[in-house]
Amino acid sequence: MLQNRKSDPAKLAGAIMQWLDRPLVLVGLMGVGKSTVGKRLATDLGIDFVDADEEIETAAQMTISEIFERFGEPYFRDGERRVISRLIDGVPRVIATGGGAFMNDQTRALILQGAIAIWLDADLATLVERVSRRNTRPLLKNGNPGEVLAKLAEVRNPVYAQAQIHVRSKDGPHHRTVLTILEALARWHG
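An unreviewed UniProt entry lists the protein chain under the name Shikimate kinase, from Blastomonas fulva. Recorded under Function (unreviewed entry), the UniProt text for the protein chain is reproduced unchanged: "Catalyzes the specific phosphorylation of the 3-hydroxyl group of shikimic acid using ATP as a cosubstrate." For the protein chain, the Catalytic activity (unreviewed entry) comment in UniProt is given as "shikimate + ATP = 3-phosphoshikimate + ADP + H(+)".

*Asks:* Could you clarify how one ought to interpret the sheet that holds strand β2 (residues 48–51) in this entry?
*Replies:* Strand pairing in a sheet takes place through backbone hydrogen bonds and is either antiparallel or parallel in direction. Taken together, the 5 strands give an open sheet; going across it, the order is β2-β3-β1-β4-β5, and neighbouring strands pair in parallel fashion. Edge positions in the sheet fall to β2 and β5 (165–168), since each of these pairs with one other strand and no more. Between one strand axis and the next, the sheet turns through 25 degrees on average, direction left out of account. In the sheet, β2 pairs with strand β3 (residues 93–96) via 4 bridges, with the strands oriented parallel. Counterpart to D48 in the pairing with β3 is R93. Packing against the sheet, helix α4 (residues 52–60) makes contact with β2 and β3, and its axis sits at approximately 60 degrees to β2.

*Asks:* Any chance you could explain the side chain of E80 here in plain terms?
*Replies:* By the secondary structure assignment, E80 is in helix α6 (residues 73–87). Taking the relative accessible area as the measure of exposure, E80 reaches 0% and is therefore buried. The contacts of E80, once residues within four sequence positions are left out, are D53, I56, G98, G100 and A101.

*Asks:* Honestly, the pairing of β5 in this entry has me stumped. Any pointers?
*Replies:* The side chains of a regular strand alternate, residue by residue, between the two faces of the sheet. Residues I165 and V167 point to one face of β5 and are all buried, whereas H166 and R168, pointing to the other face, are not buried. Taken together, the 4 bridges between strand β4 (residues 116–121) and β5 define a ladder with parallel strand orientation. Within β5, the residue paired with L120 across the bridge is V167.

What counts, and where the lines are drawn
- Residues numbered from 1 in each chain as written.
- Predicted model: local features only at pLDDT ≥ 70, side-chain atom pairs only at ≥ 80, totals over all residues.
- Heavy atoms only, no water.
- UniProt positions renumbered as here; feature names shortened; annotations may be inferred.
- Pairing = 2+ DSSP bridges.
- Helix = DSSP H or I, 4+ residues; strand = E, 2+ residues; numbered from the N terminus.
- Axes fitted to C-alpha atoms, helices over the stretch in contact; angles between N-to-C directions.
- Contact = heavy atoms within 4.5 Å.
- Buried < 20%, exposed > 50% of the residue type's maximum accessible area, 1.4 Å probe, protein only.

Encoded structure:
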């Protein structure tokens, strides 16, 4: 039966929307594709997409990098937790979080209690290639991206593993990752 669903993502998305009653929150390291995949997933499901980092920037009226520089990471994480708390309101939507959001105990508890957490994971080479396309990542400003990402993965992956769903994001068309998420959601609920 899953093979038939695989060939028809629209039917799979329709079936998911019959039971989905909370947000889907994408977690994972920077560069894994949370925003890009999240937008496509939301479109396929016919629900809204929200980028938590964009919401934080709007609320603070400054960029994430500026918040880090002016106030530090703890201040940013507190604002991030407040924004995510506001977004987890029982309404089905797709929320892309920053790479460190799920590391905060309170934020993680909010997500696990009020949403379905989906850990997007990718191999280190893919992440390094993707993050090299942008220079807006505060945690990569001082160091070799491969080394920084490897250290982050070592610390964060065990925490990301607490997400209800784990999906590997591979290099290639994002619709493949979206389909893998849809299939994982169907199995998780089934």
